[in-house]
Amino acid sequence: MQMDDSGVGEPTNDSAQLGAVAAAAPPPSEIAPVAAAASSGGRSRITSWNINGLRSLKHLYADRYPTMSEFLDSFASDIICFQEVKLPRSRLDSELAVVPGYDAFFATCKTKHGEKGYSGVATYTRSGVATPIHAEEGVAGSDIGGSEAVLREFSAKEIQLFDVEGRVVVTDHELFVLFNVYFPNAPTNERQVYKMRFHHAIYVRACELVRQGRNVVIAGDFNICHRPIDHCDPENHVRDNKIDAFGDTEGRKWMDLLLGPRESDPSDPSATQPLFIDSFRHFFPARRGAFTCWNNLINGRASNFGTRIDLVVVSARLAPWLAAADIDPLREGSDHCPAWVELSHVNPDTGQRLADVVRGCGEPPRLCAKYWEEFTGRQASLKKWLTSGSSTSAGAPSAGSDDGDSVAGGLSQSQSSVSSSSQQISTSTASAQLKRQRSKDVGTPQKPSAAGKKLKTNPPSGAQQKTLASFFAPKTPAAAAVTPTPPKRATEETVAWTVTLTAEQSDSDAAVEEQFAMAEASRESAKAAWKSLMAPPSVPHCYHNEPAKEYQVNKSGPNHGRRFYLCARPVGPSDGRPVDADPDAALAAADDAAKPAVSVTLAANRSKLTEFRCNFFKFKKAATGAGKAAAAGRGN
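Residues numbered from 1 in each chain as written. Predicted model: local features only at pLDDT ≥ 70, side-chain atom pairs only at ≥ 80, totals over all residues. Heavy atoms only, no water.

A.B. asks: Got a minute to help me understand the packing of helix α8 (residues 189-211) against helix α10 (residues 250-259) in this structure?
C.D. replies: When two helices pack together, their arrangement is captured by the angle between the axes and the distance separating the axes. At a minimum axis separation of 11 Å, α8 and α10 run at an interaxial angle of 5 degrees. In terms of axis orientation, α8 runs roughly parallel to α10. Here Gln192, Met196, His199, His200 and Tyr203 of α8 lie close against α10, whose contacting residues are Glu250, Gly251, Trp254, Leu257 and Leu258. For the contact of α8 with α10, the per-class residue count stands at five nonpolar, four polar and one charged. (Axes fitted to C-alpha atoms, helices over the stretch in contact; angles between N-to-C directions. Helix = DSSP H or I, 4+ residues; strand = E, 2+ residues; numbered from the N terminus. Parallel < 35°, antiparallel > 145°, perpendicular 65-115°, else oblique. Contact = heavy atoms within 4.5 Å. Nonpolar A, V, L, I, M, F, W, Y, C, P; charged D, E, K, R; others polar.)

A.B. asks: For this particular structure, what's the right way to read the nonpolar core?
C.D. replies: Most often, soluble globular proteins keep nonpolar side chains buried together rather than apart. Ranked by size, the top nonpolar core spans 35 residues in total, and within it Phe179, Ile202, Ile218, Phe222, Trp254 and Phe276 carry the most contacts. Secondary structure elements with two or more residues in this core: α6 (147-153), α7 (156-163), β6 (168-172), β7 (177-182), α8, β8 (216-221), α10 and β14 (310-315). Apart from the residues lying within four places of it in its own chain, the contact partners of phenylalanine 222 are Phe183, His199, Trp254, Met255, Leu258, Ile309, Leu311 and Val313. Core analysis: the second largest hydrophobic core is formed by 33 residues, Ile79, Ala130, Leu322 and Ala325 among them. (Core = buried A, V, L, I, M, F, W, Y, C linked by side-chain atoms within 4.5 Å. Buried < 20%, exposed > 50% of the residue type's maximum accessible area, 1.4 Å probe, protein only.)

A.B. asks: Would you mind showing me how to read unusual backbone geometry here?
C.D. replies: Leaving glycine aside, a negative phi is the common case for residues, and trans is the common case for peptide bonds. One non-glycine residue with positive phi stands out, namely glutamate 84, at about 55 degrees. Overall, glutamate 84 belongs to the buried group, its relative accessible area being 11%. At asparagine 299, a residue that is not glycine, the phi angle is positive and equals roughly 55 degrees. Note on placement: asparagine 299 falls in the loop between β12 (293-294) and β13 (306-307). Asparagine 299 sits in the partly exposed class, given a relative accessible area of 27%.

A.B. asks: Please explain the side chain of asparagine 180 as it appears in this structure.
C.D. replies: Along the chain, the position of asparagine 180 falls in strand β7. A distance of 3.5 Å separates a polar side-chain atom of asparagine 180 from the backbone oxygen of phenylalanine 82. Leaving out residues up to four positions away in the same chain, asparagine 180 has contacts with Cys81, Phe82, Gln83, Val121, Ala122, Thr123, Arg167, Val168, Val169 and Ala219. (Polar contact = N/O pair within 3.5 Å; in protein donor to acceptor, adjacent residues only side chain to side chain.)

A.B. asks: Got a minute to help me understand the pattern of salt bridges in this structure?
C.D. replies: Side-chain pairs of opposite charge can arise where the charged atoms are in close proximity. Counting across every chain of the model gives 27 salt bridges. The salt bridge partner of arginine 281 is aspartate 230, with a shortest N-O separation of 2.6 Å. Placement of arginine 281 in helix α11 (residues 279-283) and of aspartate 230 in the loop between β8 and α9 (234-240) is noted, with a sequence separation of 51 residues between them. A relative accessible area of 13% places arginine 281 in the buried class. Exposure remark for aspartate 230: the relative accessible area of 2% places this residue in the buried category. Each of Asp230, Asp278, Arg281 and Arg308 takes part in one network of salt bridges that share partners. (Salt bridge = Lys/Arg side-chain N within 4 Å of Asp/Glu carboxyl O.)

None of this, on its own, says anything about what the molecule does.
This is the structure in structure tokens:
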């Protein structure tokens, strides 16, 4: 889906390596330091990542990190914020929700889309180090503050619409209030209204907290590409979206409001400073190609053809604590990459130590997932009812029992009674059979059997019953065929007759062999013809003279379901590095190269070739040979 603010599309689980970097961007080694290195010098790291599904990501890293604790440790962070968890509460298990060494706080989607896997955020804090003193789910909680401003501008129904999608977790860490937010996108006009109202609600509460003297950190997927430097191809983006300028969208104007200058001193209107700071641009104001999201449909990650829409924004008063900020584009598993910020262990302006202002309380707030009923044992689960009776009902007294026997014991007694009854029935049956046998011995007349008067007699000893295969065996002739023999006395007529018969038989054998050979050749020819007719069409080559990649039209319309070919190279900027192609090979690769008009088109396209995807396009033929003739006959 193309969006007006972010310019990104469908998510990916591809693990493509970063390749050529577009628009004079630095190589990946310069973009991202190793995120797995442990925070040193008492720094505290906050990591934010749109993971596009928590369970699938955990499975992707299962071989490298067998447990969830090890997976979280790999971020070397005290606080880890995930967006797009895509798990409703009913599908969260203790492995993901109750992690040793961490406290987890979830906001899950509660709509019908949530059961299928939609939205959701999770904040993991290191126990005893960054455990929050308060935690809330939604845009307007009651424990941390700032919600009164939201309640003044938004109705309760509108706030409920924000919170039901599970997009916000707010945690209070004394030094700062952390918002873990998955901002909505806007594929339709209706969602655009929802998106901007949601953005405004977060802005109102964050500003109110700052006004109350609190520091604020907003980490998450903003779904807005703020400036041209954060976009891989801003010129084409402006043209494709038919806007006058790159910043001429509602989302980017909201970002201008969030990160723009504010009047810092009422007595001096000229003294202005930003209310919030983009931590990454605080350290790298001019870095290009630092993207955090790529489009899977065009293989954009391979050429670093993406956007930067994942940010960690901090209030201006928190800026002295900032020690570092960056992104980690080499971490795979999602169509996004992590963004992180580190706080220094000492405030250089005041000399305050981070350990003194972010102490981390002993027990987490009640929102923590480890307090959920399904993980504390207070809520009966279906699994308990399906286990064996001895394990689930041990110690429960049975009805009518005075000695406290368990239900399992009562069940065993019932089983013993059933066994005794069965034994009695077997004894009675044996006695009845014995009586009948005795009556036979004394000559008691027997009643004819119900089967009738005919009784089946056993075959005599030595006789064997015929098998089914014996009916299909060839019958043995009564007498062997007698081959005519020449008379005992060989005469001239007999010899001549024998020679003539032998010659005719030889000619007949040769004719039969020739007919067999002709039939075999005809069969092989027909087989080859059908194989050629039913063979799939050959894969065409693009203008780079490389095999094209096959796609399918999913958009509704007259071409829905049709398959087509595009250049297999990743998409990149239009001003990519030019490459040369062999003109003869490129012409020979096209089906209609002999046509003058096509040749001119090929020549023009070859002259514009770059290292990225060319504009080759061709529909896959639906029918060939006899199929076309049959379709034409039906049309007549």
